[in-house]
Amino acid sequence: MPNKLITQENLKALVNELAASYDVFAPKRENENTVSFGKLQAFEEYVSGVLLTNTTAKDKVYLQSEQLFQYELKKDTVEFKEKAPGKEAVIFGGRPCDARGFDVIDKLFNWSGYEDGPYTGGRKNTTIITVSCEKPETTCFCTSFAGGSPADGKGSDILLTPVSGKFLAELLTERGEKLAAKYSKYFSEAGEAETAAKAEFAKAAEAKIAKKLDLAAIKKNLDASFDSFYWDTVHLPCVKCGACTYVCPTCYCFDITEKKFGYLNGERNRTWDSCMSEMFTKMAGGHNPRTDTKRRFRQRFMHKFRYHVDNFKEELCTGCGRCIRRCPVGIDIRKVVEDAK
Amino acid sequence: MSNIYIPHKARIASIKQETADIKSFQFELLDPEVRKNFKWKSGQFLILSVFGVGEATFTFANPQTRSEYVECSIKKTGLVTEALHDLEVGDIVAIRGPYGNWFPFEKFKGQNLLFVGGGIGIAAIRSPIEYSLDTRNDFKDITILYGGRSPLDICYFDKFDEWQGKKANLVLTADKGSEGWKHKVGFVPAVLKEMKPSRDNCTVITCGPPIMIKFVLKELTDLGFAPEQIVTTLEMKMKCGLGKCGRCNIQQLYVCKDGPVFDYAEIKKLPDEF
Amino acid sequence: MEKEMQEIAKKLLAEKKVDWVIGYENSFEPGASRPVFINKPEDAVKLVFNKSCVNNLAVYLPKVKKQKAAVIAKGCDLRSVREIIKEHQILRENVVIIGVACEGVESSKCSTCRENKLDGADFTVGTVKDLGRKEDLSDIEKFEKLSSKEKEAFWNKEFERCIRCYACRNVCPVCYCPDCFANRLMPEYLNKVVNTAENKVFQQIRMQHVFGRCTDCRACEEACPVGIKLSLLTKKMSKDAKKLFNYESGKDTDSRPPLSTFKVDEEGIAEIM
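Residues numbered from 1 in each chain as written. Chains lettered and ligands numbered in written order. Predicted model: local features only at pLDDT ≥ 70, side-chain atom pairs only at ≥ 80, totals over all residues.

1. Section: the overall build of chain A
Move 1: Helix and strand content of chain A: 11 helices and 12 strands.
Move 2: The globule rule puts the C-alpha radius of gyration for 341 residues at 20 Å, and the 21 Å found for chain A is close to it.
Move 3: Counting over 341 residues, chain A shows a buried share of 51%.
Move 4: Here the analysis covers contacts within chain A between residues at least 6 apart in sequence; of these, 70% occur between residues at least 24 apart. (Helix = DSSP H or I, 4+ residues; strand = E, 2+ residues; numbered from the N terminus. Rg over C-alpha atoms; globule rule 2.2 N^0.38 Å. Buried ≥ 20, exposed ≤ 12 C-beta atoms within 10 Å, placed from the backbone. Contact = placed C-beta atoms within 7 Å.)

Now the structure itself:
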């Protein structure tokens with residue numbers, strides 16, 4: 001499908017119209033220093049200038065706490081009730097690194113012979129409209145990853161890139177095409193000039209990202225460094241909170257727990273969990289294969305840049321840099337994996 | 001789209017108190033259709049729901065050749081197991097599974113089998129023991145070495161006659177003996193050393209506490225067993241059983257999906273994180 | 001100043017007086033710094049001190065308690081060091097305190113700082129100036145005047161955002177319990193589900209646990225990835241501890257925290273009966 005164009009005014013009108021019939025989540029101000037993906041009532045609430053929301057768009061599909069089912073014990077049986085599927089949603093104004101995160105965890109939730117319905121159900125119900133980044137932050141490193149770019153469309157249904165006062169809208173999936181067709185009055189056809197301008201935009205934005213990781217070298221070093229002395233000290237400043245894992249667009253580990261309503265009923269929930277937590281691998285008898293903080297710290301980086309690559313041929317990271325920004329003690333994932341030997 | 005976290009409903013059909021803190025449960029799946037299609041193989045595991053508390057992972061204690069009920073022998077160790085021990089016959093629970101890989105019995109055909117179990121680890125090898133006894137002609141000598149902390153910690157006394165009747169050589173040991181205990185006294189690895197099993201044409205299937213496994217492996221290695229001849233089942237904290245929740249990840253493996261059955265050659269390649 | 005600090009650290013390590021020097025180094029990010037653990041004399045040159053050195057390094061002391069450590073401490077951090085010495089989390093003789101004269105870092109607390117003195121430090125780097133800053137309780141007083149409903153609405157909005165990463169707890173120098181209630185399963189104090197109600201329960205219990213021990217160092221607020229206004233709570237607790245028990249956390253190393261003592265008649269608390 002050819003690329004489309006949309007003007008600023010039409011984009012505003014489109015988002016307002018979407019907000020009337022979908023749950024539209026977009027970067028929204030929470031207080032003076034917090035912007036997160038929140039439900040948009042009107043376009044005015046959308047904060048367009050922020051690249052890195054405090055938390056990711058991930059939690060709009062892969063909820064931090066999600067009810068898997070409710071149960072009620074009856075005489076000689078038990079009854080399960082699944083929650084009704086949510087409203088169709090649109091995630092608007094996320095960035096290419098946010099969208100790429102979905103692409104990464106989609107694979108996990110579909111592998112090993114099991115499709116994870118609670119995740120894929122929400123995912124299929126969500127259209128992702130992403131905006132390319134003009135001025136990447138100093139913590140950004142998306143260009144390190146295969147195809148990664150401040151103007152990359154992986155994981156997005158529609159990618160908007162500012163060109164000549166308008167937005168070039170690339171319709172990247174069937175879902176994106178459907179949405180554009182439904183609201184075709186807001187779009188016009190894009191010419192070759194705009195498509196060329198996008199390529200220029202991407203080049204310029206990519207050039208602004210200073211840090212590019214040599215992932216092949218990192219993988220090689222991590223393959224050999226599990227027992228390295230490196231891990232004995234690099235973890236010391238880490239306070240083992242879960243901030244890095246919870247603001248990450250690709251961290252997917254979870255826990256399954258129960259919440260009782262009464263003696264006979266309750267709900268089974270899935271909640272995000274963090275490999276930084278001592279409880280993560282602690283077993284019922286008290287045995288814990290990763291008791292010390294060094295092992296937990298190492299696991300996070302090994303998983304992202306080594307183990308996941310072995311299984312999925314891609315890193316469990318999109319280079320958004322949120323973990324660098326939100327780490328209370330300034331641990332820099334780029335440096336940790338680059339220095340590992 | 002299916003919700004892979006919804007378990008099959010089951011009722012507790014029987015409970016047998018094995019020791020002070022171990023009970024054997026028989027679970028009956030409620031839905032006859034599910035019951036008919038619920039097939040597992042020795043070595044696989046299931047995830048059991050105790051409503052109001054949560055889920056926990058257990059191995060099948062009975063083999064596919066005796067699959068009228070789903071059986072688990074469960075030691076009281078944590079939240080879920082404690083609640084489970086409080087349940088009674090007729091109470092409702094639920095089961096997800098079967099998950100994971102199984103003991104590759106096709107590879108063991110024509111061999112001698114040596115089972116080495118310690119503590120509650122016996123629950124994980126009762127299934128392959130009974131499977132091999134039910135397909136007895138496929139194997140040569142079958143030897144079972146089983147130890148507990150004390151004679152009071154030994155399970156399955158009611159099964160030993162049958163096992164021996166099917167020509168299994170059963171060696172029992174207790175770390176500490178007591179009056180009237182006619183079997184061996186000593187740690188499992190020490191008894192194993194004394195037994196001097198021949199490595200020729202023999203596969204060892206072992207499960208027990210980490211410290212026992214460690215020394216069993218040492219003894220077997222000293223006896224000349226190759227790592228490929230020793231098979232065990234790994235225990236890791238698991239939540240989903242489906243290769244997703246990330247807990248049982250060691251290196252590139254997910255124990256729930258790539259295991260829990262591994263041979264010692266595979267385990268040797270893994271970092272010491274289990 | 002940095003040079004002086006580096007020299008002290010180098011000497012302490014070279015003479016094996018300490019196993020670790022805990023200080024700040026430049027981050028990968030320009031203009032930012034981060035905590036660093038140094039155990040080789042030649043690495044002491046990494047140490048820096050500037051306006052970005054916000055972290056309260058006292059949090060690391062209980063973790064190295066079996067070893068000897070020197071810690072770089074601003075006046076405000078020193079309060080936390082004293083508090084954990086008082087609570088026997090570290091032995092005074094195992095800690096070398098390198099106090100740095102601070103004129104403020106990039107933190108909300110600095111505009112009202114009256115705590116830059118370095119009493120009790122083993123070394124003092126730089127000259128402590130009187131910053132002439134005054135206590136400002138206006139935000140607390142304004143908050144206290146709100147109705148219960150308004151207060152609740154405010155906190156509901158704040159804690160709706162909480163992602164329960166526990167960064168607030170893990171950077172807190174006085175949150176050192178190895179077995180935190182929030183992790184307990186038997187009994188379960190806190191359900192793993194993250195929602196406003198559970199999030200509030202977590203922070204309420206945490207705040208009760210640190211009352212009269214919290215030095216209002218703001219490490220929790222600085223660490224919060226979603227910008228929850230925790231300083232409203234910590235500041236209020238400091239104010240109340242002073243008002244009710246005439247107690248200031250971290251002022252010394254030997255007074256008893258107010259909730260660990262009992263007096264039949266507490267002067268600061270009006271009898272209701």
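2. Some remarks on the overall build of chain C
Move 1: Along its length, chain C carries 8 helices and 5 strands.
Move 2: Secondary structure elements of chain C, listed N to C terminal, follow the sequence α-β-β-β-α-β-β-α-α-α-α-α-α.
Move 3: Over its C-alpha atoms chain C spans a radius of gyration of 19 Å, differing by no more than 12% from the 19 Å that the globule rule assigns to 273 residues.
Move 4: Structurally, chain C occupies a C-alpha span of about 60 × 40 × 35 Å along its principal axes.
Move 5: For chain C, buried positions account for 45% of its 273 residues.

3. Some words on the domain arrangement of chain A
All names here are of chain A.
Move 1: Along its sequence, chain A is carved into domain 1 (4-207) and domain 2 (215-339).
Move 2: Here the C-alpha centroids of domain 1 and domain 2 sit 25 Å apart.
Move 3: With 32 residues of domain 1 at the contact, the number on the domain 2 side is 27 residues.
Move 4: Of all the secondary structure elements, the ones that give two or more residues to the side of domain 1 that touches domain 2 are strand S4 (65-74) and helix H2 (96-110).
Move 5: Here the side of domain 1 that touches domain 2 gets 9 residues from one element, more than from any other, and that element is S4.
Move 6: Classifying every residue of the side of domain 1 that touches domain 2 gives 15 nonpolar, 10 polar and 7 charged. (Domains from an automatic or database assignment. Nonpolar A, V, L, I, M, F, W, Y, C, P; charged D, E, K, R; others polar.)

4. What about the interface of chain C and chain A?
Move 1: Across the contact, 29 residues belong to chain C and 35 residues belong to chain A.
Move 2: The set of elements that each furnish at least two residues to the side of chain C that touches chain A consists of strand S2 (33-38), helix H5 (167-170) and helix H7 (219-223) of chain C.
Move 3: The biggest single contributor to the side of chain C that touches chain A is S2(C), with 4 residues.
Move 4: Here the side of chain C that touches chain A is composed, by residue class, of 17 nonpolar, 7 polar and 5 charged.

5. Quick notes on the sheet that holds S2(C)
Residue and element names in this part refer to chain C.
Move 1: Here 5 strands make up an open sheet; going across it, the order is S2-S1-S3-S4-S5 and the pairing mixed. Each edge of the sheet is formed by a strand with only one pairing partner; in this case those strands are S2 and strand S5 (123-125). In this sheet, neighbouring strand axes are inclined to one another by 30° on average, regardless of whether the strands run parallel or antiparallel.
Move 2: Note: strand S1 (residues 20-26) against strand S3 (residues 69-73), 3 bridges, orientation parallel. (Pairing = 2+ DSSP bridges. Axes fitted to C-alpha atoms, helices over the stretch in contact; angles between N-to-C directions.)

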